[in-house]
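Examining the three-dimensional arrangement
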Amino acid sequence: MSGLFGVISTNNCISSLYYGTDYHTHLGTEYGGIAFIEKNGQPVKKIHDIKNSQFKSKFYEGSDKIKSHLGIGVISDRDPQPLTFESKFGAFAICCAGLVANKEHLAKELIEKGVTFSEIDRGDINTTELVAHLINEGKSITYGIERMYEKIIGSISLLLLTKNGIYCARDRNGVTPLAIGQKTGETAVASETCAFPNLGFTVKKYVAPGEIVFLSKKGLEGKKKGRPGSKICAFLWVYTGFPASTYEGINVEKVRENCGMFLAKRDTVQADLVSGIPDSGVAHAIGYAMESKMPYRRVLIKYTPGYGRSYTPLSQELRDRIALMKLIANDAIAQGNKVVLCEDSIVRGTQLKNFTVMKLMQAGAKEVHVRPACPPLMFPCVYNLSTRTIQELVARRAICALEGKDVEDVSEYLNPTSEKYHRMVEWIRKDLGVTSLQYQLLDDMVEAIGLPKERLCLYCWIGKGVQKNLQSYQETRPKEILTCE
Ligand code: SF4
């Protein structure tokens with residue numbers, strides 16, 4: 001989904017910028033970049049490809065020689081960024097998190113007006129460049145951001161750096177988070193609040209959906225009030241977010257513990273221990289253990305040295321090999337035991353089936369009871385925050401196999417009291433080769449988060465609830481055809 005960080009300091013901000021950006025490494029795998037303002041008031045950008053190495057290793061060298069009072073950084077899941085521009089507002093740098101679904105259409109309109117795009121990659125427009133050009137059409141930066149929000153279909157949160165400060169804008173539906181932190185002499189903005197404590201910042205405020213705040217030497221200046229409500233991504237708490245982060249005042253680790261507790265409350269299985277698939281399954285398992293009073297023990301341990309999460313090899317074969325190597329089953333714990341295994345979610349199920357369950361069985365586990373912390377994933381993310389296709393989703397493959405064809409109306413499969421739902425879960429259980437499988441209920445997951453349902457994006461599970469223009473846009477797109485096995 002990409003992670004943003006920005007900072008303004010009365011002294012040199014580079015150390016905060018460097019580490020603050022690095023604390024977003026779990027949100028993107030393609031590019032890491034920073035931009036800062038030099039003495040002459042001009043923004044300078046540095047972007048590195050981080051597919052095969054971490055942000056730290058690319059930026060550490062030489063960072064001690066940079067001096068600046070203000071800068072922005074991004075860990076990007078798609079485009080190279082931040083980008084720098086000379087404009088009628090003066091020079092600026094910008095980075096974004098999110099998706100513009102009508103990108104081609106908007107780019108075509110701008111090109112017809114004479115705007116030039118320079119960051120094209122094999123015909124693909126860079127979203128950050130498009131957003132910058134749309135902002136440039138406004139009579140001020142604030143007005144330009146608002147105008148851009150009116151034109152795009154999708155969700156964009158951004159940081160825009162000028163020589164005087166940083167504009168922080170959260171997308172109108174609040175799908176992605178932004179928070180502002182402060183300490184003496186420095187103010188920072190981050191997608192993930194886990195970037196704050198070690199750098200000495202405490203959370204000052206959560207930026208509201210549609211709100212625009214300007215960080216400058218004078219402090220925080222509200223440029224545009226936020227809107228009530230939001231549709232923040234529920235998957236942030238279940239899987240994508242870092243455990244020490246907090247969105248809308250609600251901490252990720254605590255939500256995961258709540259998810260585990262709800263799973264345990266509805267469970268009747270008798271097992272010897274509870275374990276979680278590292279990393280994000282661990283807190284779900286701790287919550288399960290707290291509620292069930294079964295001991296939490298680690299049957300699977302992740303070998304972290306050398307396997308950073310941002311290391312994404314290009315070939316599927318190598319990705320599979322790394323998935324196989326990273327998790328080590330501990331037979332001293334697994335041997336002869338019935339294991340409840342908590343996981344954040346099941347997407348394809350292939351790694352769970354081919355590596356995790358197989359390893360536990362080989363390590364001598366007597367039974368493996370899988371408990372995902374969210375309901376079956378039925379629809380690919382429309383905001384591109386967690387990219388998947390229908391073809392990849394094991395629940396859709398199950399439906400295909402049970403119906404003998406792809407079905408558009410899956411509503412009965414969403415209802416956990418229906419026979420179809422139970423047949424689908426049983427198909428997945430057999431496919432995974434586990435002793436039992438019980439998914440979280442949607443209402444329990446929502447209660448575990450603690451926000452009203454209407455304030456969450458739940459599209460992955462229910463296939464509706466996104467803003468009307470995005471829903472209608474999706475309906476005009478060619479439908480993905482699922483090939484039934
Ligand atoms: S569709 Fe899913 S992953 Fe995407 S924003 Fe909504 S809940 Fe999050």
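Here the structure is a predicted model, which means the values were calculated and not measured.

What follows deals with the overall build of the protein. Tallying secondary structure elements over the protein gives 17 helices and 23 strands in all. For the protein, whose C-alpha radius of gyration is 23 Å, the value lies close to the compact-globule estimate of 23 Å for 485 residues. Counting over 485 residues, the protein shows a buried share of 56%. For the protein, contacts bridging at least 24 residues in sequence account for 68% of all contacts bridging at least 6.

Our next topic: helix α15 (residues 442-449). With 6 of 8 residues buried, α15 lies mostly within the body of the structure. Listed as buried for α15 are Leu442, Asp444, Met445, Val446, Ala448 and Ile449. Positive phi shows up at Gly450, right after α15, with a value of about 95 degrees.

Moving on to empty space enclosed by the protein. A water-sized probe rolled over the atoms picks out the places where empty space is left. Taken as a whole and assessed by the stated rule, the structure comprises 2 cavities of 30 Å³ or more. The volume enclosed by the largest cavity comes to roughly 70 Å³. In terms of lining residues, the largest cavity is bounded by Cys233, Ala234, Phe235, Cys381, Val382, Tyr383, Cys457, Leu458, Tyr459, Cys460 and Trp461. For the lining of the largest cavity, the element with the most residues is helix α16 (residues 459-462), which contributes 3 residues.

It is worth spelling out the site of the ligand at this point. Around the ligand there are 11 residues in total, and Cys233, Cys381, Tyr383, Cys457 and Cys460 lie nearest to it. Because more than half of its atoms lie within 2 Å of the grid, the ligand is assigned to the largest cavity. Looking at the shell around the ligand, its residues break down into 10 nonpolar, 1 polar and no charged.

Below, the discussion takes up the packing of helix α7 (residues 252-265) against helix α8 (residues 281-292). Between α7 and α8, the shortest axis-to-axis distance is 6 Å and the interhelical angle comes to 50 degrees. Taken together, the axes of α7 and α8 are oblique relative to one another. When you trace α7 past α8, the crossing you get is right-handed. Where α7 abuts α8, its residues Glu253, Arg256, Glu257, Cys259, Gly260, Met261, Leu263, Ala264 and Lys265 lie against Ala283, His284, Ile286, Gly287, Tyr288, Met290, Glu291 and Ser292. Among the residues making up the contact of α7 with α8, the classes are represented as 8 nonpolar, 4 polar and 5 charged.

Taken in spatial order, the 6 strands make up an open sheet running β5-β6-β7-β8-β12-β13, and their pairing is antiparallel. At either margin of the open sheet sits one strand with a lone partner, and together these are β5 (83-87) and β13 (219-224). Taking each pair of neighbouring strands and ignoring which way they run, the sheet shows an average axis angle of 25 degrees.

According to the domain assignment, the protein consists of domain 1 (3-230) and domain 2 (251-476). Using C-alpha coordinates to define each centre, domain 1 is positioned 32 Å away from domain 2. In this assembly, 24 residues from domain 1 lie in contact with 18 residues from domain 2. Of the roughly 1,700 Å² buried at the junction of domain 1 and domain 2 (both faces included), carbon and sulfur atoms supply 56%. Among the residues of domain 1 in contact with domain 2, Leu99, Ile153 and Ser230 are the three that bury the most area, contributing 26% of the side total. Only β6 (90-100) and β7 (154-162) provide two or more residues apiece to the side of domain 1 that touches domain 2. Each residue belonging to the side of domain 1 that touches domain 2 can be placed in one class, and the counts come to 6 nonpolar, 15 polar and 3 charged.

Looking now at the environment of Ile232. Examined against the element boundaries, Ile232 turns out to sit in strand β14 (residues 232-233). Separated by 38 residues in sequence, Ile232 and Cys194 place their C-alpha atoms 18 Å apart. In this view, Ile232 contacts Arg170, Asn173, Gly174, Val175, Pro177, Trp237, Tyr247, Glu248, Leu451, Arg455, Leu456 and Cys457; residues no more than four positions away in its chain are not counted.

Quick look at the sheet that holds strand β20 (residues 338-343) now. The strand order across the open sheet formed by 4 strands is β17-β20-β21-β22, and the pairing between neighbours is parallel. Each end of this open sheet is capped by a strand with a single partner; those strands are β17 (273-276) and β22 (436-437). Relative to strand β21 (residues 367-372), β20 is paired through 6 bridges, and the arrangement is parallel. Note that in β21 the partner of Cys342 across the bridge is Arg371. Strand contacts of α8: β17, β20 and β21, with the helix running at about 160 degrees to β17, the strand carrying the most contacts.

The rules we used
Residues numbered from 1 in each chain as written. Predicted model: local features only at pLDDT ≥ 70, side-chain atom pairs only at ≥ 80, totals over all residues. Heavy atoms only, no water. Helix = DSSP H or I, 4+ residues; strand = E, 2+ residues; numbered from the N terminus. Rg over C-alpha atoms; globule rule 2.2 N^0.38 Å. Buried < 20%, exposed > 50% of the residue type's maximum accessible area, 1.4 Å probe, protein only. Contact = heavy atoms within 4.5 Å. 1 Å grid on protein atoms, 1.4 Å probe; cavity = no way out; pocket = protein on both sides within 12 Å on 5 of 7 lines; lining within 4 Å. Points joined across faces, edges and corners; volume = space filled by probe spheres on them. Near = heavy atom within 4 Å. Sits in = over half its atoms within 2 Å of the grid points. Nonpolar A, V, L, I, M, F, W, Y, C, P; charged D, E, K, R; others polar. Axes fitted to C-alpha atoms, helices over the stretch in contact; angles between N-to-C directions. Parallel < 35°, antiparallel > 145°, perpendicular 65-115°, else oblique. Left-handed = near helix turned anticlockwise from the far one by under 90°. Pairing = 2+ DSSP bridges. Domains from an automatic or database assignment. Buried area = accessible area lost by both parts, 1.4 Å probe.

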